[in-house]
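# Reading the structure
These are the residues of each chain, in order.
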Amino acid sequence: MNISLRQLKVFLAVAELGSFSRAGEDIGLTQPAVSRCIRELEQELGLKLVDRTTREVTLTEVGASLSATLARVLDELESALRDTHGLAEERRGRVRVASAPTISANLMPECISACAARYPDITLMLRDQVQTLATDSVRHGEVDFGVIVASEGTDDLVGEPIMVEPFLVVCDRSHRFAKQAAVDWKALNGEKLVLLDYASGSRPLIDRALAEHGAYCQVAQEVGHAITVFRMVEAGIGISIMPALALPAMPGPENGGRLIALPLVPQIDRTIMLVRRKNRTLSPAAQSVWELIQQVTAATPHALAAPSPPTTRSEDSNSKNNN
């Protein structure tokens, strides 16, 4: 059945005013257009709604019944449309965001604080999960969107890069690297490493970088949390490779600090990105939080000047490997 809202409004105007001409004047149509709308509506319904003579317009029994119901239905429809339009401006409710641990600890607190200040009626609920679980939470609709490390296997999601950060080598101040300004990836060859396990989005990127630069290392320990990595490095179990965002504020030796973080050359980065499900529109509140996170990260040292698809390999010794 192909009945338009316009036809129903025209019929209701005719029913209320008892005249095709007055109905046309009321809704801004010519009398022939009104007649055509009524005729098309009757054809679609297969029923006569209006009896028209040269002197008057009267409703049939069916037309009178439809008119009585239609006025209420159209009022409810207009009310629903007004309410829906108002939702576009509404900034309230709960927004659920999943993020990988290093991002949860070092980026999201500032985002949550900024959200509370700017949108007091929005509650940002953080789901702190390892990369694989955070990505699955987005896929399954358990969260509105995620903040993760760009990696392979997320082509089924809509992603937007927001920042890049370099990988650094972390070692004890007594290590031979500690006196250097930077460490070549090739110099890691033969070192014992303490690394995050494969639940982390960074681990595949680190493995790839080591292989590309011919650094064959013994992985002494694989752990799930960054703080565990640092404690093991302090204990002399090995050195580590970590993204800059994961590093705590490291005290200097005068304050008892035992660890130092040094740049790796050539510089290789990981990319942090926002991800959401394809073909799913964010709620107004979730869209506001998405844009807020973009704004917060734009003020960080490693923010992307303009979001662009990440590359996968460095082009030369001075390029960055965005993953």
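In what follows, the accompanying structure is described. (Residues numbered from 1 in each chain as written. Predicted model: local features only at pLDDT ≥ 70, side-chain atom pairs only at ≥ 80, totals over all residues. Heavy atoms only, no water.)

A separate point is the overall build of the protein. The helix and strand tally for the protein stands at 10 helices and 12 strands. Burial statistics for the protein: of 323 residues in total, 41% are counted as buried. Contacts in the protein between residues at least 24 apart in sequence constitute 75% of all its contacts with a sequence separation of at least 6. (Helix = DSSP H or I, 4+ residues; strand = E, 2+ residues; numbered from the N terminus. Buried < 20%, exposed > 50% of the residue type's maximum accessible area, 1.4 Å probe, protein only. Contact = heavy atoms within 4.5 Å.)

Here the focus is the side chain of threonine 60. By the element assignment, threonine 60 lies in the loop between strand 2 (57-59) and helix 4 (61-87). With a relative accessible area of 13%, threonine 60 lands in the buried category. Beyond its immediate sequence surroundings of up to four residues, threonine 60 is in contact with Lys48, Leu49, Val50 and Asp51.

As a further point, take the packing of aromatic side chains. Working definition: an aromatic ring pair is given by the centre-to-centre distance plus the angle between the planes. Tallying each qualifying case throughout the model produces one aromatic pair. Relative to tryptophan 290, the ring of phenylalanine 145 lies with its centre 5.2 Å away and its plane at 70°, an arrangement referred to as edge-to-face. Here tryptophan 290 lies in helix 10 (residues 284-298) and phenylalanine 145 lies in strand 5 (residues 145-149), a separation of 145 residues in the sequence. Since its relative accessible area comes to 0%, phenylalanine 145 is described here as buried. Tryptophan 290 sits in the buried class, given a relative accessible area of 5%. (Phe/Tyr/Trp six-rings, centres within 6.5 Å; stacked < 30°, edge-to-face > 60°.)

All right, on to a nonpolar patch on the surface then. Together, Leu5, Leu77 and Leu81 make up a nonpolar patch on the protein surface, roughly 240 Å² of accessible area in all. Position of leucine 5 relative to the elements: it lies in helix 1 (residues 5-17). On the basis of relative accessibility, which here comes to 36%, the residue leucine 5 falls in the partly exposed class. (Patch = residues over 30% accessible without salt bridge, like charges linked within 9 Å, V, L, I, M, F, W, Y side chains within 5 Å. Areas by Shrake-Rupley, 256 points an atom, 1.4 Å probe, with all protein chains shown as cover. Salt bridge = Lys/Arg side-chain N within 4 Å of Asp/Glu carboxyl O.)

Bridge count between strand 3 (residues 93-99) and strand 4 (residues 122-128): seven bridges; the pairing is parallel. Opposite valine 95, over in strand 4, you have leucine 124 as the bridge partner. Direction of pairing for strand 3 relative to strand 5: parallel, over a ladder of three bridges. Bridge assignment links alanine 98 to a residue of strand 5, and that residue is glycine 146. (Pairing = 2+ DSSP bridges.)

Right, let's talk about the nonpolar core for a bit. By size, the foremost hydrophobic cluster in this structure holds 48 residues, and its most contacted members are Phe145, Val147, Leu188 and Ile241. With seven residues, the single largest contributor to this core is helix 10. If you count residues domain by domain, this core takes at least three from each of domain 2 (97-162 + 271-299) and domain 3 (166-270). Those residues in contact with isoleucine 241 that sit more than four places away from it in its chain are Phe167, Leu168, Trp185, Leu188, Leu193, Val194, Leu195, Ile206, Leu210 and Leu264. (Core = buried A, V, L, I, M, F, W, Y, C linked by side-chain atoms within 4.5 Å. Domains from an automatic or database assignment.)

Further remarks concern empty space enclosed by the protein. All chains considered together, the criterion is met by one cavity of 30 Å³ or more. By volume, the largest cavity amounts to about 120 Å³. In terms of lining residues, the largest cavity is bounded by 17 residues, among which Pro101, Thr102, Leu196, Ser200 and Gly224 are the most central. Tallied by class, residues from the lining of the largest cavity come to eight nonpolar, seven polar and two charged. Composition of the lining of the largest cavity by domain shows at least three residues from each of domain 2 (97-162 + 271-299) and domain 3 (166-270). (1 Å grid on protein atoms, 1.4 Å probe; cavity = no way out; pocket = protein on both sides within 12 Å on 5 of 7 lines; lining within 4 Å. Points joined across faces, edges and corners; volume = space filled by probe spheres on them. Nonpolar A, V, L, I, M, F, W, Y, C, P; charged D, E, K, R; others polar.)

A few words on the environment of leucine 70. As for its placement among the helices and strands, leucine 70 is situated in helix 4. The class for leucine 70 is buried, based on a relative accessible area of 6%. The spacing of leucine 70 and lysine 9 is 61 residues in sequence and 8.9 Å in space, taken between C-alpha atoms.

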